[in-house]
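Topology and contacts: notes
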Amino acid sequence: MTPEQKLAHITRALKDAGRAEVGLYGGGEVTFLSIADLLKSKETERESDWLDISLLEEIQDARNQAAIGTAPGALQRLLANLRSRRGMDRAIALRVLDDDRDAIVTAVATCAHPATYAFLFPLAQQVHPLGLAVPVDAAPLASLASSVFGSPKHFALVEICRRAYKRHAMDVDRADKQTKLNHG
Amino acid sequence: MFLDAELSAITRLVLELDDEAFQRHEAVKLLMAHGSRRWEDAIR
């Protein structure tokens, strides 16, 4: 299989799985990784990739926010994937967390990122995520339980959970590269 | 990195300090200024 055939195969598979985005570039149609996959691919040991992640998180949050009112399930999708501080501030300012208790509960149950869980935790402390990518340590959870939603302490705990996740992801990437080196 | 090594200590500050003292603490300022989004405190 040639590199072009491999690329065509991959992009077709991503499109079929709903995990691709199509845009115009250089006058032609180009298939990109979805933003969720792009975020995952950037979880490396390189600090510069994490700068990209912070921007991509803001873009993802802004897209999900813009879809509210135009797409079914958009609020739940926004909350379950909320990652950036800017997205969190906007969600609070626009009061999207005020009315739909069910959406918050579902978002906590389905969220995967520790920062999302930490952000929503004070609003639904009895709900446990079913598929958290990395467990949140007991100490931050205990502190989150006593913090006021939207307070400086709450947001500091979100950043603590985010940073712990980043450290874990960097360790995983480093170990993965070392394994490949050892078996290369 | 300093922040990565001090996450447990900063977590304890949430319970130990009142809101004003918490926000004034230098480690908290560093955490909130950078979150996980800057590399300035990394030794590179």
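Above this note sits the structure.
Our subject in this report is the structure included herewith. As the structure is a prediction and not an experimental result, all values here were calculated from the model.

Criteria and cut-off values
Residues numbered from 1 in each chain as written. Chains lettered and ligands numbered in written order. Predicted model: local features only at pLDDT ≥ 70, side-chain atom pairs only at ≥ 80, totals over all residues. Helix = DSSP H or I, 4+ residues; strand = E, 2+ residues; numbered from the N terminus. Buried ≥ 20, exposed ≤ 12 C-beta atoms within 10 Å, placed from the backbone. Contact = placed C-beta atoms within 7 Å. Axes fitted to C-alpha atoms, helices over the stretch in contact; angles between N-to-C directions. Parallel < 35°, antiparallel > 145°, perpendicular 65-115°, else oblique. Left-handed = near helix turned anticlockwise from the far one by under 90°. Nonpolar A, V, L, I, M, F, W, Y, C, P; charged D, E, K, R; others polar.

1. Some words on the overall build of chain B
Per the secondary structure count, chain B includes four helices and zero strands. Secondary structure elements in chain B, listed N-terminal to C-terminal, are α-α-α-α. In chain B, which comprises 44 residues, the proportion classed as buried is 18%.

2. Details of the environment of Gln76(A)
Residues and elements named next belong to chain A. With respect to the element layout, Gln76 can be found in helix α4 (residues 74–80). A count of 19 C-beta atoms within 10 Å places Gln76 in the partly exposed class. As for Gln76 and Leu7, which are separated by 69 residues in sequence, their C-alpha atoms are 33 Å apart. The residues contacting Gln76, other than those within four sequence positions of it, are Ala103, Thr106 and Ala107.

3. Notes on the packing of helix α9 (residues 152–183) of chain A against helix α2 (residues 7–16) of chain B
At their nearest, the axes of α9(A) and α2(B) sit 10 Å apart, and the two run at 160° to each other. Considered as vectors, α9(A) and α2(B) are oriented roughly antiparallel to each other. The handedness of the crossing between α9(A) and α2(B) comes out as left-handed. On α2(B), the residues touching Lys153(A), Ala156(A), Leu157(A), Ile160(A), Arg163(A) and Ala164(A) of α9(A) are Leu7(B), Ile10(B), Thr11(B) and Val14(B).

4. As for the packing of helix α3 (residues 47–66) of chain A against helix α5 (residues 85–93) of chain A
Packed helices, taken two at a time, are described by the angle between their axes plus the distance between the axes. Residues and elements named next belong to chain A. Where α3 meets α5, the axes come as close as 8 Å, and the angle between the chain directions of the two elements is 25°. Viewed along their axes, α3 and α5 adopt a mutual orientation that is roughly parallel. Mapping the contact onto sequence places Glu58, Asp61, Ala62 and Gln65 in α3 and Arg86, Gly87 and Arg90 in α5.

5. Let's talk about unusual backbone geometry
Residues and elements named next belong to chain A. Phi is positive for Arg95, close to 60°, though the residue is something other than glycine. With respect to the helices and strands, the residue Arg95 is situated in the loop between α5 and α6 (101–110). The exposed category is assigned to Arg95, around which 8 C-beta atoms lie within 10 Å.

6. Notes on the interface of chain A and chain B
Counting residues at the interface gives 21 residues for chain A and 20 residues for chain B. Secondary-structure elements contributing two or more residues to the side of chain A that touches chain B are α3, α8 (138–146) and α9 of chain A. Broken down by element, the side of chain A that touches chain B gets its largest block of residues, 11 residues, from α9(A). The residue inventory of the side of chain A that touches chain B, partitioned by class, reads nine nonpolar, four polar and eight charged.

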